[in-house]
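Topology and contacts: notes
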Amino acid sequence: MSDSQSPPETEIRDPAALFTYDLAAVYDMEVKLVDALADLSETATNDNLSKGFALHRTETETQVRRVEDAFDALGAEPTRRADPLVDGLIAAQAQVEGDVADAALRNRRYLTLAIQTEQIEITSYEGLLATAAKAGLGDDVTDPLAANLGQEEKTLRKLEALAGAGGPDLGRLWRRITSA
Ligand SMILES: [Fe+2]
């Protein structure tokens, strides 16, 4: 894993170069989300929400490895490009921690933030896969990313079910959907 925050491409003129550029941002996003989910798991006071964030942290560690597999398949070194989207999400998380005094309301806001994060991740993977198709990249590059996309979509459905059912205080529902 590289700690470099510099862009892997300075001039992007074809879909393959755009793909590598965007992959570096997704890599940065997933790496940063591992730590953000650890923070959320610690700061959420609702036990079931906290366990859900811990579970998704483990999944995100796997997603980081899958993005590294995509770089490997490209014959490129895994490289991070600072992604302003994930930086914004992490800043929003810190803002909730500082501004929302009520624990139940804070848990509810964390749930919304988790949904926003999944939506951004899903859109990012969809974009990457569309660019990969344009660039004519092989399954060895796209399969790990499609696996991550499927996992993010599943997580989004769980989070939306939880939010739709009234928020993170419905522990029984959370256990039912996370054990599926
Ligand atoms: Fe992810």
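- The name given to the protein in an unreviewed UniProt entry is Ferritin-like metal-binding protein YciE, and the organism recorded there is Natrinema salifodinae.

**Topic: the coordination of the iron ion**
- The coordination sphere of the iron ion contains the protein donors E30 (OE), E30 (OE), Q63 (OE1), E121 (OE) and E152 (OE), at a distance range of 2.0 to 2.6 Å.
- Here the donor residues for the iron ion map to a single chain with the spacing E-x32-Q-x57-E-x30-E. Taken together, the residues span a long stretch of sequence, with E121 in helix 4 (residues 103–135) and E152 in helix 5 (residues 139–164) at a distance of 31 residues.
- What makes E152 buried here is its relative accessible area of 0%.

**A word on the side chain of Q93**
- Within the element layout of this structure, Q93 appears in helix 3 (residues 84–99).
- Excluding residues that lie within four positions of it along the chain, Q93 makes contacts with A36, D39, L40, Y110 and L113.

**Looking at the packing of aromatic side chains**
- The final tally for this structure, using the stated rule, is one aromatic pair.
- For the pair Y27 and F71, a centre-to-centre distance of 5.6 Å together with 65° between the ring planes defines the contact as edge-to-face. One end of the pair, Y27, is in helix 1 (residues 15–43); the other, F71, is in helix 2 (residues 47–74), with 44 residues separating them in the sequence. As far as burial versus exposure is concerned, Y27 and F71 are alike and both buried.
- We note R81 situated over the ring of Y21; from NZ or CZ to the ring centre the distance is 3.6 Å.

**Overview of a negative patch on the surface**
- A grouping of D35, D39, E42 and E97 is seen on the molecular surface, where their side chains present a negatively charged patch.
- Counting residues per element, the negative patch draws most heavily on helix 1, at three residues.
- Along the polypeptide, D39 turns up in helix 1.

**Quick look at the pattern of salt bridges**
- Per the stated rule, a full pass over the model turns up seven salt bridges.
- As a salt-bridge pair, R13 and E11 come within 2.9 Å of each other at their nearest N and O atoms.
- The exposed category is assigned to R13, whose relative accessible area is 69%.
- Note that D28 and R80 form a salt bridge whose closest N and O atoms lie 3.0 Å from each other. Of this pair, D28 sits in helix 1 while R80 sits in the loop between helix 2 and helix 3, and the two are 52 residues apart along the sequence.
- Residue classification places R80 among the buried positions, given a relative accessible area of 10%.
- Among the ionic contacts, a cluster of salt bridges with common partners joins D28, K32, R80 and D87.

About the cut-offs
- Residues numbered from 1 in each chain as written.
- Predicted model: local features only at pLDDT ≥ 70, side-chain atom pairs only at ≥ 80, totals over all residues.
- Heavy atoms only, no water.
- Donors = N, O, S within 2.8 Å, 3.2 Å for Na, K, Ca; no water.
- Helix = DSSP H or I, 4+ residues; strand = E, 2+ residues; numbered from the N terminus.
- Buried < 20%, exposed > 50% of the residue type's maximum accessible area, 1.4 Å probe, protein only.
- Contact = heavy atoms within 4.5 Å.
- Phe/Tyr/Trp six-rings, centres within 6.5 Å; stacked < 30°, edge-to-face > 60°.
- Lys NZ or Arg CZ within 6 Å of the ring centre and 35° of its normal.
- Patch = residues over 30% accessible without salt bridge, like charges linked within 9 Å, V, L, I, M, F, W, Y side chains within 5 Å.
- Areas by Shrake-Rupley, 256 points an atom, 1.4 Å probe, with all protein chains shown as cover.
- Salt bridge = Lys/Arg side-chain N within 4 Å of Asp/Glu carboxyl O.
- Lys, Arg positive; Asp, Glu negative; His and termini not counted.
- Charge placed at Lys NZ, Arg CZ, Asp CG, Glu CD.

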